[in-house]
Amino acid sequence: MSNAAAPVTEAPDRSDGPAHVAIIMDGNGRWAAARGLPRAEGHRRGVEALRRVVRASDELGIRYLTIFSFSSENWSRPASEIGDLFGLLRRFIRNDLATLHRDGVRVRVIGERGGLEPDICALLSEAEELTRANTKLTLVVAFNYGSRQEIARAAQILAREVAEGRRDPASIDADAIGAHLDAPDIPDPDLIIRTSGEQRLSNFLMWQAAYSELVFVPIHWPDFDKAALEGAIAEFGRRERRFGGLVAKTAS
């Protein structure tokens, strides 16, 4: 499987590795259960793993790191667990935002903010505003996010433009839809990693993943570290990415 912002007919230059890595951080609960610990401890250790991976991403030259922080389907979890997850988000932003800003990390948030608690919305906005001018790693936080919902929101915007006579229906193509997604200025992920051994996207970046390389690793997210990230990037580097064309052959 492969990824690119636009189809190409020859193998892209991978000398610098993937520019955009997206991660489905899966397995916190199973990590905790295997150790006889409460699920909340698994989520706490997952935040520690996130800190490691953010640092590693910058060191490895990754330009964009997207993390699946809280999905729109997570609302079906027990209220106590949702409370724990929101508490971790609050503490992460309050405790880590200054460090991220100092290190030149720009924070972007995608997902639906309607219905979130006001202090959560304020924290997300604060993180984006404080780091807006930073130019090193861009950390994209998918929070209260679902890819189907994102595509539906884009379709609704386009439908309103047609209904108001501001758009010809014939002008709606893939580029038009992509331009109305949550972060159209961010390139599609080159590499999507899912931890814990599950092999599905689970409603994550489905539009943007059209040409992404998918790597599934068996370890749970709290155990993910720089070495695991390097292993996934190495797997990415071994793949031939044709994008519907042919890999260019070197003349012998």
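Residues numbered from 1 in each chain as written. Predicted model: local features only at pLDDT ≥ 70, side-chain atom pairs only at ≥ 80, totals over all residues. Heavy atoms only, no water.

As annotated in an unreviewed UniProt entry, the protein chain carries the name Isoprenyl transferase and comes from Bradyrhizobium oligotrophicum S58. Database annotation for the protein chain, UniProt heading Sequence similarities (unreviewed entry): "Belongs to the UPP synthase family." UniProt, in its Function (unreviewed entry) section for the protein chain, records the words "Catalyzes the condensation of isopentenyl diphosphate (IPP) with allylic pyrophosphates generating different type of terpenoids." (UniProt positions renumbered as here; feature names shortened; annotations may be inferred.)

1. Examining the overall build of the protein chain
Regarding its fold elements, the protein chain presents 7 helices and 6 strands. Burial analysis of the protein chain (252 residues in total) assigns 46% to the buried set. Considering only residue pairs separated by 6 or more positions, the protein chain has 79% of its internal contacts joining residues 24 or more positions apart. When the accessible surface of the protein chain is summed, it comes to about 12,600 Å², and 52% of that surface belongs to carbon and sulfur atoms. (Helix = DSSP H or I, 4+ residues; strand = E, 2+ residues; numbered from the N terminus. Buried < 20%, exposed > 50% of the residue type's maximum accessible area, 1.4 Å probe, protein only. Contact = heavy atoms within 4.5 Å. Areas by Shrake-Rupley, 256 points an atom, 1.4 Å probe, with all protein chains shown as cover.)

2. Some points on the UniProt feature "binding site: Mg(2+)" (unreviewed entry) in the protein chain
UniProt's feature table lists "binding site: Mg(2+)" (unreviewed entry) at Asp-26 and Glu-213, given in the numbering used throughout. Annotated residues from the preceding list that form part of the lining of the largest pocket: these are Asp-26. Secondary-structure assignment places Asp-26 in the loop between strand S1 (20-24) and helix H1 (28-34). Not counting residues within four places of it along the chain, the set of residues in contact with Asp-26 comprises Arg-194, Thr-195, Ser-196, Glu-198, His-220 and Trp-221. Judged by its relative accessible area of 1%, Glu-213 falls in the buried class. (1 Å grid on protein atoms, 1.4 Å probe; cavity = no way out; pocket = protein on both sides within 12 Å on 5 of 7 lines; lining within 4 Å.)

3. A look at the nonpolar core
Of all hydrophobic cores here, the largest spans 46 residues; its most connected members are Ile-23, Leu-65, Phe-143, Ile-193, Phe-224 and Leu-229. Looking at this core element by element, the count peaks at 9 residues for helix H3 (residues 79-102). Residues Ala-142, Ile-192, Phe-204 and Leu-205 belong to the second largest nonpolar core, which totals 14 residues. (Core = buried A, V, L, I, M, F, W, Y, C linked by side-chain atoms within 4.5 Å.)

4. Details of empty space enclosed by the protein
One pass over the full model with this rule turns up 1 cavity of 30 Å³ or more. Together, His-20, Thr-66, Ile-110, Val-140, Glu-150, Asp-182, Ala-183, Ile-186, Pro-187, Pro-189, Leu-205 and Gln-208 line the largest cavity. For the lining of the largest cavity, the residue count by class is 7 nonpolar, 3 polar and 2 charged. (Points joined across faces, edges and corners; volume = space filled by probe spheres on them. Nonpolar A, V, L, I, M, F, W, Y, C, P; charged D, E, K, R; others polar.)

5. Concerning the sheet that holds strand S2 (residues 64-71)
Strands sit in the order S3-S4-S2-S1-S5-S6 across an open sheet of 6 strands; the sheet is parallel. Both outer strands of the open sheet, strand S3 (106-110) and strand S6 (213-216), are each paired with one neighbouring strand and no more. Strand-to-strand twist in this sheet, taken as the mean axis angle between neighbours without regard to direction, amounts to 20°. Here S2 runs beside strand S4 (residues 138-145); their pairing, made up of 7 bridges, is parallel. Each residue of the ladder has a partner; that of Leu-65, found in S4, is Leu-139. The strands touched by helix H2 (residues 39-59) within the sheet are S1, S2 and S4, with S2 carrying the most contacts at an inclination of about 160°. (Pairing = 2+ DSSP bridges. Axes fitted to C-alpha atoms, helices over the stretch in contact; angles between N-to-C directions.)

6. A word on the side chain of Gln-208
Summarising the element assignment, Gln-208 is placed in the loop between strand S5 (191-194) and S6. According to the relative accessible area criterion, Gln-208 is buried, its value standing at 11%. There is a polar contact of 3.3 Å between the side chain of Gln-208 and the side chain of Glu-150. (Polar contact = N/O pair within 3.5 Å; in protein donor to acceptor, adjacent residues only side chain to side chain.)

7. With respect to the pattern of salt bridges
Any two side chains of opposite charge can pair if their charged atoms end up close together. Using the criterion set out here, one finds 26 salt bridges in the structure. With its nearest N and O atoms 2.9 Å apart, the salt bridge here joins Asp-26 to Arg-194. Of this pair, Asp-26 sits in the loop between S1 and H1 while Arg-194 sits in strand S5, and the two are 168 residues apart along the sequence. When salt bridges with common partners are traced through the structure, they connect Asp-26, Arg-30, Arg-194, Glu-198 and Arg-200 into a single cluster. (Salt bridge = Lys/Arg side-chain N within 4 Å of Asp/Glu carboxyl O.)

8. Some details on H3
Compared with the 34 Å implied by 1.5 Å per residue over 24 residues, the 35 Å span of H3 between its first and last C-alpha is a close match. Along H3, the helix axis deviates most sharply at Asp-96, where the bend reaches about 50°. Phi turns positive one or two residues past the end of H3, at Gly-104, with a value near 80°. (Expected span 1.5 Å × (residues − 1). Bend = angle between axes of the 7 residues up to and from the residue.)

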